[in-house]
Amino acid sequence: MKIAIVGGGAAGFFAAINMKEMQPGLQVSILERSQRPLAKVEISGGGRCNVTNSFRSVGTDLAAVYPRGHRLLGRLFRSFGPRDAYEWFERRGVRLVTQDDDCVFPQTQDARTISHLFLSEARRLGIDLHTGQRITALDDLSAYDAVVIAIGGQPRRDALLWLQQPIVDPVPSLFTLSIDDPRLHDLMGTVVPTAQVLLPGTKLRAAGPLLITHWGMSGPAILRLSSYGARLLSECDYRHALAVNWLGTSEAEARQLISRLIALHPQRQIATQRPDGLQQRLWQYLTEKSLGPERARAPWASLNQKEQNRLLNTLTNDTFQTTGRAPHRDEFVTCGGIALTAVNAQTLESRTHTGLYFCGEVLDIDGVTGGFNFQAAWTTAHAVARALAAEQ
């Protein structure tokens, strides 16, 4: 049986390796468009490759980390889930480490450990790798008995039309947000450990570390929000109100914090006596924004009730206007792709084209940052490999 895997990325290699291990008699070829397979793997996770996540803080609520595709993945995880992926890599000599935030990386902290593993396993198993292959029609693949599409997320709908399948229009996901505020930009590099962000007028919100950049905001909180708000933000051309709770606490807790600062430091300047968790530069920005530069330099004891309320509102409901998204290739994920209704939920074979399978990000499955997208790639690729090996 001759099988073509279109796409030399993470999902494509994972599917090919598992197929050959399950059924050594299969003739498997990887057809990669570029001259450099696994390039995206090597820049992922800041060059470290966040291969999966322990899912300890997720449990069975996959909707908390997969805005799209969580139901399908929930079923497929029963056959090949995060623990299976962890053991898969370790059995092949790649030692993994789990960080405090549940993200799993190679012990080497080098993404090339993963790409080198895939390439060496492909050579060992006799998988044919062909680069520079431009496939534009299913007829180009007529020489093969089965075809696996693992081309990753595609930013444009027309890049998927040749597959002759129902498509959910692709839009960017996991992106940072641009904000036109020069004073905010001056805080570039400031990290807020436990911020909360939301899109006012919607139920979309996220929590976690927030990073201020020279163009606006980034960090896990913003990336998570962008993932769940991908379609909404696309529809409004990435121009939307954004509210930030800098303290990550309730309004009542924030009010108690202000009262404590007044009681403990009555004669200290408001702008210089900051709460724990906020850097001094950011605290000065927030106090001057809510009170004005002159009052921000006044002692805490002089803060009247109206000023306390303004400061409270800035700390817990600071509002900005986004002016666009700032995509970076190491953060970019696509929302949309081949509709999940178009494939068999167990085998991921097309319902209309026998012998045509899909795995990885080309499907309408995507997760938040933290190793969840790679896990979706391993799980869907394994499902396809298992289905094709069973046909042999």
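All residue numbers refer to position in the chain's written sequence, counted from 1. Local features are withheld for residues below a pLDDT of 70 in this predicted model, meaning they are given only at 70 or higher, and side-chain atom pairs are given and counted only at 80 or more; totals for whole chains, interfaces and linings count all residues. Side-chain numbers here rest on the full set of heavy atoms in the structure, without hydrogens or water.

Notes on the nonpolar core
Side chains that are nonpolar tend, in soluble globular proteins, to be buried together. Ranked by internal contacts, the top residues of the largest apolar core, which has 79 residues, are Ile5, Met19, Phe89, Phe118 and Trp378. Numbered from the N terminus, helices here are DSSP runs of H or I no shorter than four residues, and strands are runs of E no shorter than two. Looking at which element gives the most residues to this core, the answer is helix 13 (residues 372–391), with 11 residues. Put simply, a nonpolar core is a bunch of buried Ala, Val, Leu, Ile, Met, Phe, Trp, Tyr and Cys residues held in one set by side-chain atoms that sit within 4.5 Å of each other. Only protein chains enter the calculation, and the probe is 1.4 Å; a residue is then buried if its accessible area is under 20% of its type maximum, exposed if over 50%, and partly exposed in between.

Observations concerning the layout of surface pockets
Cavities and pockets are defined on a 1 Å grid built over the protein atoms alone: a cavity is a set of grid points where a 1.4 Å probe fits but cannot escape, while a pocket is an open set with protein on both sides within 12 Å along at least five of seven lines, and lining residues are those with an atom within 4 Å of any such point. Grid points are joined across faces, edges and corners, and a volume is the space filled by probe spheres set on the points. The calculated volume of the second largest pocket comes to roughly 170 Å³. If you go around the second largest pocket, the residues you meet are Thr52, Asn53, Ser54, Arg56, Pro82, Arg83, Tyr86, Thr98 and Val104. Listing elements by their share of the lining of the second largest pocket, those giving two or more residues are strand 3 (52–53) and helix 4 (82–91). With 3 residues, helix 4 is the single largest residue contributor to the lining of the second largest pocket. Amino acid classes used here: Ala, Val, Leu, Ile, Met, Phe, Trp, Tyr, Cys and Pro are nonpolar; Asp, Glu, Lys and Arg are charged; the rest, including Gly, are polar. Partitioning the lining of the second largest pocket into residue classes produces 3 nonpolar, 4 polar and 2 charged.

Details of empty space enclosed by the protein
In total, this model carries 1 cavity of 30 Å³ or more according to the counting rule given. By volume, the largest cavity amounts to about 30 Å³. Along its surface, the largest cavity is lined by Gly152, Gly153, Gln154, Leu160, Pro170, Thr334, Gly336, Gly337, Glu361 and Val362. At 3 residues, the largest contribution of residues to the lining of the largest cavity is made by strand 15 (residues 333–338). Per-class residue counts for the lining of the largest cavity are 3 nonpolar, 6 polar and 1 charged.

Structural notes on the pairing of strand 9 (residues 176–179)
On a regular strand, each side chain points to the face opposite its neighbour's, so the side chains alternate between the two faces of the sheet. Both faces of strand 9 are covered, namely the face carrying Thr176 and Ser178 and the face carrying Leu177 and Ile179. A pair of strands is labelled paired if DSSP reports no fewer than 2 bridges between them. One ladder, built from 4 bridges, connects strand 9 with strand 14 (residues 318–326); its direction is antiparallel. Note on strand 14: the bridge partner recorded for Ser178 is Gly324. Of the pairings in the sheet, the one linking strand 9 to strand 12 (residues 216–218) comprises 2 bridges and is antiparallel in character. Considered in strand 12, the bridge of Leu177 is made with Met217.

Things to note about helix 4
Restricting attention to buried positions, one finds in helix 4 the residues Pro82, Ala85, Tyr86, Trp88 and Phe89. Taken end-on, helix 4 shows its buried residues confined to a sector of 160°, consistent with a single buried face. In helix 4, the exposed positions that point more than 90 degrees away from the buried face belong to Arg83 and Arg91. Looking at the buried side of helix 4, the elements it contacts are helix 1 (10–22), strand 3, strand 4 (96–98), strand 5 (103–106), helix 5 (112–125) and helix 13. Working definition: the arc comes from the directions between the helix axis and the C-beta atoms, pointing outward to the latter. Should any heavy atoms of two residues lie within 4.5 Å, those residues are considered in contact.

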